[in-house]
Amino acid sequence: MTFNVLLKRVPLIGIISSMVVLLLSFIAQFTGTYELVAYTDPFLFRDDKVSMYEDRFADLKPWLDGHDQVGYISDSDELEERLLLQYVVAPVIVLRSSDCCDLIIGNFLDPDYEGYTRFDNLRPIQRFPGNVILFEYLGD
């Protein structure tokens, strides 16, 4: 193939490829695919534990405004659970206690857990999705 023949074909290939790109762009924009690709939130597909805890306790955080520390009770003794909660609600300090503060966070992994009813001095003030309950400490 000579150089002259190649020069004659290049513009045709360039025009065809440009038309294909334009057509695909039109189809993507018409079907909404363009917006999905262009505006996808990079955190949309977060499935790590910290992100899951941030989502789980997002509704609780405004209730903690004005409090330096809160108590914490759970049906699990996992340190990881408490540390994740501590990270999510920072700068509020989370203490593993049912009688240390005005507010107590109940983090229950078992949806049927009712063990918190043994605390006579706690009154549930708000329930959140994911078996999270905010209690008010009533005193001794």
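Before reading further, recall that the structure is shown in the block above.
So, how was this worked out
- Residues numbered from 1 in each chain as written.
- Predicted model: local features only at pLDDT ≥ 70, side-chain atom pairs only at ≥ 80, totals over all residues.
- Heavy atoms only, no water.
- Core = buried A, V, L, I, M, F, W, Y, C linked by side-chain atoms within 4.5 Å.
- Buried < 20%, exposed > 50% of the residue type's maximum accessible area, 1.4 Å probe, protein only.
- Helix = DSSP H or I, 4+ residues; strand = E, 2+ residues; numbered from the N terminus.
- Contact = heavy atoms within 4.5 Å.
- Pairing = 2+ DSSP bridges.
- Axes fitted to C-alpha atoms, helices over the stretch in contact; angles between N-to-C directions.
- Left-handed = near helix turned anticlockwise from the far one by under 90°.
- Nonpolar A, V, L, I, M, F, W, Y, C, P; charged D, E, K, R; others polar.
- Phe/Tyr/Trp six-rings, centres within 6.5 Å; stacked < 30°, edge-to-face > 60°.

(A) Molecular detail of the nonpolar core. By size, the foremost hydrophobic cluster in this structure holds 17 residues, and its most contacted members are Phe57, Leu64 and Ile105. The set of elements that each furnish at least two residues to this core consists of β1 (69-74), α4 (79-89), β3 (103-107) and β5 (132-137). Broken down by element, the residue count for this core peaks at four residues, all from α4. Those residues in contact with Leu64 that lie beyond four places of it in its chain are Val70, Val89, Val92, Leu103, Ile105 and Leu134. Ranked by size, the runner-up nonpolar core spans nine residues in total, among them Ile104, Tyr116, Phe119 and Phe135.

(B) Representation of the sheet that holds β3 within the structure. The five strands lie next to each other as β2-β1-β3-β5-β4, forming an open sheet whose pairing is mixed. The strands lining the two open edges of the sheet, one partner per strand, are β2 (93-95) and β4 (122-128). Averaged over neighbouring strand pairs, the angle between their axes works out to 30° when direction is ignored. Two strands pair when backbone bridges link them, and β1 and β3 are joined in this way by four bridges, in the parallel orientation. Counted as the bridge partner of Tyr72 is Ile105 from β3. Running over the sheet, α4 touches β1, β2 and β3 and is turned about 155° from β2.

(C) Expanded view of the packing of helix α3 (residues 49-56) against α4. Contact pair α3 / α4: the axes reach a minimum separation of 9 Å and the direction vectors enclose 65°. For the element pair α3 and α4, the recorded crossing hand is right-handed. The residues of α4 that touch α3, namely those facing Lys49, Val50, Tyr53, Glu54 and Arg56, are Glu80, Glu81, Leu84, Leu85, Tyr87 and Val88. The residue makeup of the contact of α3 with α4, split by class, is six nonpolar, no polar and five charged.

(D) Spotlight on the packing of aromatic side chains. With the rule as written, the count across this model stands at two aromatic pairs. Seen from their ring centres, Tyr53 and Phe57 are 5.3 Å apart, and the 35° between their planes marks the pair as tilted. Each member of the pair, Tyr53 as well as Phe57, is classed as buried. Summarising the aromatic geometry, the rings of Trp63 and Phe128 are spaced 6.2 Å apart at their centres and angled 80° between planes, so their arrangement reads as edge-to-face. Taken together, the positions of Trp63 in the loop between α3 and β1 and Phe128 in strand β4 put the pair 65 residues apart, joining distant regions of the chain. On the basis of relative accessibility, which here comes to 38%, the residue Trp63 falls in the partly exposed class.

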